[in-house]
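Observations on the three-dimensional arrangement
Listed below, chain by chain, are the residues.
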Amino acid sequence: MPTYNAYKMKWLPEKLPSNVKIIVSTIPEGYPILDAMTERYGKTEPKFLEVKQLGESLGMKVISKWLSLKNRTINQQQEEVVRKALDICSLPLYARIAYDHIQRWRSYETPSLDVLETTVKGAINKLFEKMEAKFGQPLVQHSLGYLTGSRHGLSEVELEHLMSLDDVLLNMIFKFWKPPIRRIPPLLWTRVRSEVSSYIVERSADDILVLYWYHRQFIEATKERYLKDAAFAKMIHANMADYFMGKWGGGKVKPFKYTEHQKTRFGLKDINSEADRKVPLQPYIIESVNGEKVEMRINKRKLFELPFHLLKCKHYDILKQDIFFNIEWLFASLKGSSISTVLDEFEIFMKADKQLRQDANMKTLCANLTKIRPYMNKLPNSLPYELAGRLSKYIHQSPLMMSLVKQCDSIGTRYCPIVPMLNCFDSADLGLRQNISYRSTESWHEGGCMTCTRNFKVMYIIDYDDSGNAKLTVWDVETGEMTHELPIEKTKTSEEVNVYIQMLLDRKEENLVAFYREKFYGEYQNRYYGNGNVNIIRVSDGAILRTFTEFLHKEEFTNPLIYMTNNWIAVKFGPRSPIFHLYEDTKK
């Protein structure tokens, strides 16, 4: 499932420095990335290039070059087999997988014409078959199942820990031998990884380096081959949930059963046994002492992997009680990322599952987290204070709410010494979707001005920085996130800060028509006085394209109104003003 609206491509900048180029690759089907890129960059005419197949001739040259780098070559009969396969499929990934197969051929062998699969999926399955024949089907299935079933990937240490907790796998590996320590031999995964090292990438996730598939086709092929069995997939996710929950960590022994064959071979009286797997505990917050300083590190692996695997196992009660209605998870997520990330997690999981989406408690908690969103990034330690003051009225309606409020009273006092005993703040309505907060440093500035696109997907707000200079902030309405901000040029005729009062978008949604005043009098009368102007501001860079100053005069401005039609701009200075000022925007 897409994470944090990444498929909208808002994270990719619209403009780059002249000496910077970015190449983005995607696929046309299955994901909305290409559509988002076209919508976002279509006006600037980017170059979209379809990456086609290599073709039989070029594919053969590439494979021959790879072989020469390994001091290998193939004879004419073998080349004919390769060319026949490339004539059917010559995608770059297919050529790479075929090369890994071809480099093992001996010069005296004459392979059959159909020895090479003619699709990427078939070639991947052929590779897995060879691995299963070499290492055994259980080792390959379980190790690749854990890797593919993870949310963000796994480190090698985590993978060894998980396989050491997998008694089904261990019983197959230790079929003829009773180890002194019941853990997976580390060299087994090393051998498996060496066979697929060309297709696995090491990347950063949750503040550590993890392994994951580099190509989407490997993810799909592995899921279909190893995780298609619902019982096996549930066992994989349940084992990962136990690991990231720390169920068997810190020296706690895990029970298991020997097979009847092992009982006879090892001379055991009972098949039931237990063993310490030497896996770590998984606290949300890891504290370490460095001299006299106590350093705190958030366990992001547990924060983001545990909910995912509980959902896959359909352990809804544990998911709600130990994750979403757990003050430790909420606080650690807030400290380790941001309130936006916490709300994104709620949205991702509620969208992914109908039962969570229809849960009234989830909706209520999510709405109240949205309501306190403006304060949480600056004051994360006040989370128990805010939740207890808003959710106390629900404690008699829901055991989950009662548990969360009690946690705020007990555990929450570690982070915030003051926690209210009664409902003392307004609780959020279930219909609340976003609570967008932006900064205003001036006491007389009552929120600035804002406008939205016609589809209500993008919101434009004019705010001010610490120096009082106007800036244009652009917000994604669906996520409530500010996508970027732009400084607004200062008008040459202005002697003081331009105070923007109202604005709206033009028909093409490329420019803002914004009314502002230059001087201010009567701070405590809640009225604006001074010279009023209209700026045409380009939304892409905040540049002022034109300023209408023909009507400069001192007049009281209370709630000025702006209307637009085609290229005409009408300005009315308030409900008591009998005059409309009309301007034709002909200067482009």
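Residues numbered from 1 in each chain as written. Predicted model: local features only at pLDDT ≥ 70, side-chain atom pairs only at ≥ 80, totals over all residues. Heavy atoms only, no water.

**Some points on helix α4 (residues 92–102)**
Spelled out, the test is: The rule is simple: take the accessible area with a 1.4 Å probe, protein chains only, and divide by the maximum for that residue type; under 20% is buried, over 50% is exposed, in between is partly exposed. Segments assigned H or I by DSSP are reported as helices when at least four residues long, segments assigned E as strands when at least two residues long, and all are numbered from the N terminus. Contact definition: two residues touch when any of their heavy atoms are within 4.5 Å.
Burial analysis of α4 places nine of its 11 residues in the buried class, which makes it a mostly covered element. All of the buried residues along α4 are Leu 93, Tyr 94, Ala 95, Ile 97, Ala 98, Tyr 99, Asp 100, His 101 and Ile 102. Looking at the buried residues of α4, the elements they touch are α2 (56–69), α3 (76–88), α5 (120–135) and α10 (216–226).

**Describing the nonpolar core**
Let me state the cut-off plainly: Nine residue types can take part in a nonpolar core, namely buried Ala, Val, Leu, Ile, Met, Phe, Trp, Tyr and Cys, and a core is a set of them joined through side-chain atoms within 4.5 Å.
Trp 213, Phe 346, Leu 369, Leu 383 and Leu 387 are the most contacted members of the largest nonpolar core, which has 109 residues in total. Apart from the residues within four sequence positions on either side, Leu 369 is in contact with Leu 330, Ile 339, Val 342, Leu 343, Phe 346, Leu 383 and Leu 387. Among the nonpolar cores identified, the runner-up in size contains 19 residues, and Tyr 464, Val 499, Leu 512 and Ile 544 belong to it.

**A closer look at α5**
It helps to recall that an α-helix has 3.6 residues per turn; residues three or four apart then point in one direction. In plain terms, the rule: For a helix, the expected span equals 1.5 Å multiplied by the number of residues minus one.
Counted at 1.5 Å a residue, the expected span for α5 with its 16 residues is 22 Å, and the 23 Å between its end C-alpha atoms agrees. Restricting attention to buried positions, one finds in α5 the residues Val 120, Gly 122, Ala 123, Ile 124, Asn 125, Leu 127, Phe 128, Met 131, Glu 132 and Phe 135. On the buried face of α5, the contacting elements are α4, α6 (137–149), α9 (186–196), β2 (208–213) and α10. Gly 136, located one to two residues past α5, shows a positive phi value of around 100°.

**Considering empty space enclosed by the protein**
To find leftover empty space, a probe the size of one water molecule is rolled over the atoms. For clarity, the cut-off: A pocket here means an open set of points on a 1 Å grid, computed over the protein atoms alone, that has protein on both sides within 12 Å along at least five of seven lines. A cavity is instead a set of points where a 1.4 Å probe fits but cannot get out; residues with an atom within 4 Å of a point line either one. Grid points are joined across faces, edges and corners, and a volume is the space filled by probe spheres set on the points.
Throughout the structure, instances matching the rule amount to one cavity of 30 Å³ or more. As a volume, the largest cavity reaches approximately 120 Å³. Taken together, 13 residues form the lining of the largest cavity, with Ile 97, Ala 98, His 101, Ala 123 and Lys 126 sitting closest to its centre. Counting only elements with at least two residues in the lining of the largest cavity, the list comes to α4 and α5. If one sorts the elements of the lining of the largest cavity by residue count, α4 sits on top with five residues.

**Focus on the confidence of the model for the chain**
Note the threshold: Values of pLDDT, the confidence the predictor places in each residue, fall between 0 and 100.
Confidence in the prediction of the chain, expressed as mean pLDDT, is 83, and 84% of residues score 70 or more. Under a pLDDT of 50 for its full length, residues 441–447 has, in the predicted model, 15 contacts with residues more than four places off or in other chains. Low pLDDT (under 50) marks residues 521–529, which in the prediction has 24 contacts with non-local residues, meaning those over four places away or in another chain.

**Quick notes on the environment of Leu 400**
Within the secondary structure, Leu 400 is located in helix α21 (residues 399–410). The class for Leu 400 is buried, based on a relative accessible area of 18%. Taking the C-alpha atoms as reference points, Leu 400 and Asp 317, separated by 83 residues in sequence, lie 9.8 Å from one another. If we skip the residues at most four places from it in the chain, Leu 400 touches Lys 320, Gln 321, Phe 325 and Asn 361.

**A short note on the sheet that holds strand β8 (residues 458–464)**
Whenever strands of a sheet pair, they do so through backbone hydrogen bonds, lying parallel or antiparallel. Applicable threshold: For two strands to be treated as a pair, DSSP must find at least two bridges joining them. Whenever a helix is involved, its axis is fitted only over the stretch in contact; in every case the axis is a line through C-alpha atoms, and angles between N-to-C directions fall within 0 to 180 degrees.
As summarised here, the arrangement of the four strands in space is β7-β8-β9-β10, forming an open sheet in which the pairing is antiparallel. Where the open sheet ends on each side, the last strands, each with one partner, are β7 (449–452) and β10 (481–487). Taking each pair of neighbouring strands and ignoring which way they run, the sheet shows an average axis angle of 20°. Pairing geometry for β7 and β8, over four bridges, is antiparallel. Of the residues in β8, the one forming a bridge with Cys 449 is Ile 462.

**So, the environment of Glu 132**
Structurally, the position occupied by Glu 132 is in helix α5. The exposure class of Glu 132 is buried, given its relative accessible area of 16%. Distance from Glu 132 to Val 192, taken between C-alpha atoms, is 9.6 Å for residues 60 residues apart in sequence. With near-sequence residues (within four places) excluded, Glu 132 lies in contact with Gln 137, Val 140, Arg 225 and Tyr 226.

**With respect to the packing of helix α13 (residues 300–312) against helix α14 (residues 316–324)**
Axis angle and axis distance: for two packed helices, these are the angle between their axes and the distance between the axes, and together they describe the pair. As a reminder of what qualifies: Roughly parallel means an angle under 35 degrees; roughly antiparallel, over 145; roughly perpendicular, 65 to 115; everything else is oblique. Working rule for handedness: look at the near helix, and if it is turned counterclockwise from the far one by less than a right angle, call the crossing left-handed; if clockwise, right-handed.
As a packed pair, α13 and α14 sit with axes 8 Å apart at the nearest point and diverge in direction by 160°. In terms of their interaxial angle, α13 and α14 are classed as roughly antiparallel. Crossing of α13 over α14 shows left-handed handedness. Facing Leu 306, Pro 307, Leu 310 and Leu 311 of α13, the residues of α14 in contact are Tyr 316, Ile 318, Leu 319 and Ile 323.

**Remarks on the side chain of Lys 320**
Locating Lys 320 in the fold gives a position in helix α14. You can call Lys 320 buried: its relative accessible area is 10%. Once residues lying within four places of it in the same chain are set aside, the contact partners of Lys 320 are Phe 325, Leu 356, Asp 359, Met 362 and Leu 400.

**Some thoughts on the side chain of His 142**
Note that His 142 resides in helix α6. Of the residues examined, His 142 reaches a relative accessible area of 3% and is grouped as buried. Look past the residues within four positions of His 142 in its chain and what remains in contact with it is Asp 166, Val 168, Leu 169, Phe 232, Met 235 and Ile 236.

**Considering the environment of Met 362**
Summarising the element assignment, Met 362 is placed in helix α18 (residues 360–371). If we skip the residues at most four places from it in the chain, Met 362 touches Lys 320, Phe 324, Phe 325, Phe 346, Met 350 and Leu 356.

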